[in-house]
Amino acid sequence: MSANKIFLRYYPPGLAINYRTAKGNERLRHFDLLDLDSKTNIEPLADRILLQTLAEAEEDKSHVDSEKASAPRPVSGTVARSQNTFSALKQALEKLQKKLREPVKKKFYLHKCHNSHILPLTNVSFDRSGERCLTGSYDRTCHVINTQTAEVEHILNGHDNVVFSVGFNLPHCDKIVTGSFDGTAKVWSAGSGQCLCTFYGHTAELVAAEFDPMHGSTIATASMDGTARIYDVETSHELQQLTQHGAEVIAARFNRDGQLLLTGSFDRTAAIWDVRSKSLCHQLRGHSAELSNCVWNFSGSLIATGSLDATARIWDIRRMDQELYLAAKHSDEVLDVSFDAAGRLLATCSSDCTARVWKMEGSSELEMLSLMAGHADEVSKVCFSPSGCMLLTASADNTARLWLTESGQCSQVLAGHEGEVFSCAYSYTGDAILTASKDNTCRFWR
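Keep in mind the model is a prediction, meaning the values are calculated, not measured.

Looking at this model, I keep getting lost on the packing of aromatic side chains. Mind explaining?
Given two aromatic rings, their pairing is described by the distance between the two centres and the angle made by the two planes. Across all of its chains, the model carries five aromatic pairs by this definition. The interplanar angle of 50 degrees and the centroid separation of 6.5 Å between the aromatic rings of Y10 and Y11 together place this pair among those described as tilted. Its relative accessible area of 24% is what places Y10 among the partly exposed residues. A relative accessible area of 14% places Y11 in the buried class. Residues Y11 and Y428 carry aromatic rings whose centres are separated by 5.8 Å and whose planes lie at 75 degrees to one another, so their mutual orientation is edge-to-face.

The structure is reproduced here in structure tokens:
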């Protein structure tokens, strides 16, 4: 085996090894390193990764014809190449570990205020580089904004009602999807701002739309008409209509490999669908009121649901007949839920003006790690920093706040908006923040 390149992913930690097998085939082997931290012993981890990669290479080699397979192996060359790969692996892992040791940015300053919308904003989204963002608005447009200058690169016109959902096709970010209360979704060129296709079929407000994460070749939508749908981006054709829910569908999220779709509904349930077989896998029942959101953790092994019944529930996809954990300490509706990048922490926020962080490892019980109290009105949005050390909340008290995840201490109040803060987001690297408000503005913090 000969390793050509090692690719790194910082959040959550992971790497991929591009190598050439004995048959000359190129392979890309991915490793999620969700447990990597500043104290991890690098050498045994590098050794384990190398052994697994070598085992895969040997399996490929076993398919070489018997005559070649019986020939003597160039052992010294194999050992030398393995030693070189081991050294490169150590360096890559040390680089990931160094990133985890970097100081966490705890203070942000207002960089720019974008005020080109004429009506309240709904949602915001960064691209992978953090150089551009999207804003959706009640003014029926989506703006593509340069985050350095706050200048509008494109105004995406064409929807006949509120643009509620906006997003890039990560990680490529050359396309944009918008979902509107006019019942349609549209895909646009991020470079030119041109509308590439429009997706029809929903009969009520469309409240969620996202690309599949593997290829960006399909989008999933959720609508107040009680259905979720999957469309082909190239042809604009509807591929699937998911009709199991008995009330409005408020979320539709692909898992990491795009083979499963998670939907959440006002019918008090979430549902998991197999995209390949076009079938319902399971319906998650237990909440006694409408769902407010549902999300996957990074690995796709856990699902979190938040509900207006004042609870959040965590489900293990290997056992979905009953929740794995119940978070029931909020005194009012749970309005949002979010996993950290590694999927070991869950954040919830509520109409009770608080956010909470929950820890899911090392115990059969769900442990509340911290309580974030300080907002003067409901907290409608919550998200972790990429490292997971900070929590960002958006509130109807016209502010967003930054909190220390471990202690729940407020690190900073992001003040200045003159209306309810509807949405907030961290950039991929964690060095920039967006806040979007009912005051028609979006603020960039660095």
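Would you mind going over the environment of A209 with me for this structure?
Inspection of the secondary structure assignment puts A209 in strand β13 (residues 206–211). The exposure class of A209 is buried, given its relative accessible area of 8%. A sequence separation of 44 residues divides A209 from S165, and the C-alpha atoms of the two residues are 6.1 Å apart. Among all residues touching A209, those that are not within four sequence positions of it are S165, V177, G179, A220 and T221.

Explain a nonpolar patch on the surface here, please?
On the surface, I118, L119 and Y138 cluster together into a nonpolar patch covering about 290 Å² of accessible area. Mapping I118 onto the fold places it in the loop between β4 (110–114) and β5 (121–126).

Looking at this structure, how should I read the sheet that holds strand β35 (residues 442–445)?
By way of backbone hydrogen bonds, the strands of a sheet pair with one another, either parallel or antiparallel. Read from one edge to the other, the open sheet built from four strands follows the order β4-β35-β34-β33, with strand pairing classed as antiparallel. Looking at strand neighbours, the two that pair on one side only are β4 and β33 (421–426), the edges of this open sheet. Strand-to-strand, the axes of this sheet are offset by a mean angle of 15 degrees, without reference to chain direction. As paired elements, β33 and strand β34 (residues 433–437) share five bridges and run antiparallel to each other. By the bridge assignment for β34, V421 is matched with S437.

What counts as what
- Per chain, residues are indexed from 1 in the order of the written sequence.
- A pLDDT threshold of at least 70 governs which residues receive local features in this predicted model, and a stricter bar of 80 or more applies before side-chain atom pairs are shown or counted, although totals over entire chains, interfaces and linings include all residues.
- As a rule here, side-chain values come from all non-hydrogen atoms in the structure, and water together with hydrogens is ignored.
- Only centres within 6.5 Å qualify two rings of Phe, Tyr or Trp (six-membered ring in Trp) as a pair; their planes then separate them into stacked at under 30 degrees, edge-to-face at over 60, and tilted for everything else.
- A 1.4 Å probe rolled over the protein chains alone gives each residue an accessible area, and that area as a share of the maximum for its type sets the label: buried under 20%, exposed over 50%, partly exposed in between.
- The secondary structure listing takes helices from DSSP runs of H or I that are at least 4 residues long and strands from runs of E that are at least 2 residues long, numbered from the N terminus.
- Residue contacts follow a heavy-atom distance rule, with two residues in contact if any of their heavy atoms lie within 4.5 Å.
- Here, patches come from residues exposed beyond 30% relative accessible area and free of salt bridges, joined within 9 Å for like charges and within 5 Å for nonpolar side chains (Val, Leu, Ile, Met, Phe, Trp, Tyr).
- Exposure was quantified through the Shrake-Rupley algorithm and a 1.4 Å probe, taking into account, for residues, occlusion by the shown protein chains and nothing else.
- Should a side-chain nitrogen of Lys or Arg be within 4 Å of a carboxyl oxygen of Asp or Glu, the pair is scored as a salt bridge.
- When DSSP finds two or more bridges between two strands, those strands count as paired.
- Whenever a helix is involved, its axis is fitted only over the stretch in contact; in every case the axis is a line through C-alpha atoms, and angles between N-to-C directions fall within 0 to 180 degrees.

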